[in-house]
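Chain by chain, the residues:
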Amino acid sequence: MSIAAWLGNLAGVAVVLWLVRELWLAHREGATVPQVAGVQAARITVQGGYGPAAVFVAKGKPVRLDFTRREASPCSELVIFDGVDRRAELPENETVSVEFTPRRTGRITFGCHRGTLRGHVIVVD
Ligand SMILES: [Cu+2]
């Protein structure tokens, strides 16, 4: 096969991977977090990823994310937040809460220590 044909194949594969990823993310669509007694609380199940993988919260109000890890994979035993100074160990089948108050709008990313799993807190006004 020629180099051009190979490059064409690679491009095709890249497009398919991108589509699969986009569809996968869309499928695990974000959830708007309800407020209870002034706290925006969301439950996040950890199993091959974070479900939901994105939560929407309002700026300036306390947020509590309750993580429950439903798998033994060591990949997800730690969750680390970017942009807010939080991290937590997630023992299997226990719920661990991470709390913070977002001070600015934008995206706070969290994930496992190797960065293979990713979730987002989208902070809006
Ligand atoms: Cu990982």
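Here goes a summary of the coordinates provided. Being a predicted model, the structure only gives us computed values, none of them experimental.

On to the environment of T116, then. Note on placement: T116 falls in the loop between β10 (106-111) and β11 (118-124). Between the alpha carbons of T116 and G48 there is a distance of 9.8 Å; along the sequence they are 68 residues apart.

Let us look at the nonpolar core. In this structure, I44, V46, V57, F67, V79 and V121 are the most contacted members of the largest nonpolar core, which totals 16 residues. Secondary-structure elements contributing two or more residues to this core are β3 (39-46), β5 (54-58), β6 (63-69), β10 and β11. Take this core: its biggest share by element is three residues, from β6. Setting aside anything within four residues of it in sequence, one finds V46 in contact with F67, T68, R69, R70, E71, S76 and L90.

With burial as the criterion, only one face of β11 is covered, namely that bearing G119, V121 and V123; the residues R118, H120, I122 and V124 on the opposite face remain uncovered. Pairing of β5 with β11, which is carried by five bridges, proceeds in the parallel orientation. Within β11, the residue paired with V57 across the bridge is V123. Note: β10 against β11, six bridges, orientation antiparallel. Across the sheet, G106 pairs through a bridge with V123, a residue of β11. The turn linking β10 back onto β11 is made up of six residues, and G115 within it adopts a positive phi angle of 80 degrees.

Another point: the environment of T109. Mapped onto the elements of the fold, T109 is located in strand β10. Residue T109 is classed as partly exposed on the basis of its 14 C-beta neighbours within 10 Å. In the structure, T109 is positioned 27 residues away from D82 in sequence and 5.3 Å away in space, judged by C-alpha atoms. Here T109 is in contact with D82, R118 and H120, once residues within four sequence places are set aside.

Before going further, it helps to examine the sheet that holds β11. Spatially, β1-β5-β11-β10-β7-β8 is the arrangement adopted by the six strands of the open sheet, whose pairing is mixed. This sheet does not close on itself; its edge strands, each paired only once, are β1 (31-32) and β8 (87-89). Relative to β8, strand β7 (residues 78-81) is paired through three bridges, and the arrangement is antiparallel. Across the sheet, the residue bridging to L78 is E89, located in β8.

Each value, and the rule that gives it
Per-chain numbering applies: the sequence of each chain, read as written, is numbered from 1 onward. This being a predicted model, a pLDDT of at least 70 is required before a residue's local features are given, and a value of 80 or more before pairs of side-chain atoms are given or counted; all residues contribute to the totals for chains, interfaces and linings. Runs of H or I in DSSP of at least four residues are treated as helices and runs of E of at least two as strands, each being numbered from the N terminus. Each nonpolar core reported here comprises buried Ala, Val, Leu, Ile, Met, Phe, Trp, Tyr and Cys residues connected via C-beta atoms within 7 Å. With C-beta atoms placed from the backbone, the exposure class of a residue follows from how many other C-beta atoms lie within 10 Å of its own: 20 or more, buried; 12 or fewer, exposed; in between, partly exposed. Working definition of a contact: two residues with C-beta atoms, positioned from the backbone, lying within 7 Å. In this description, strands pair whenever DSSP reports at least two bridges between them.

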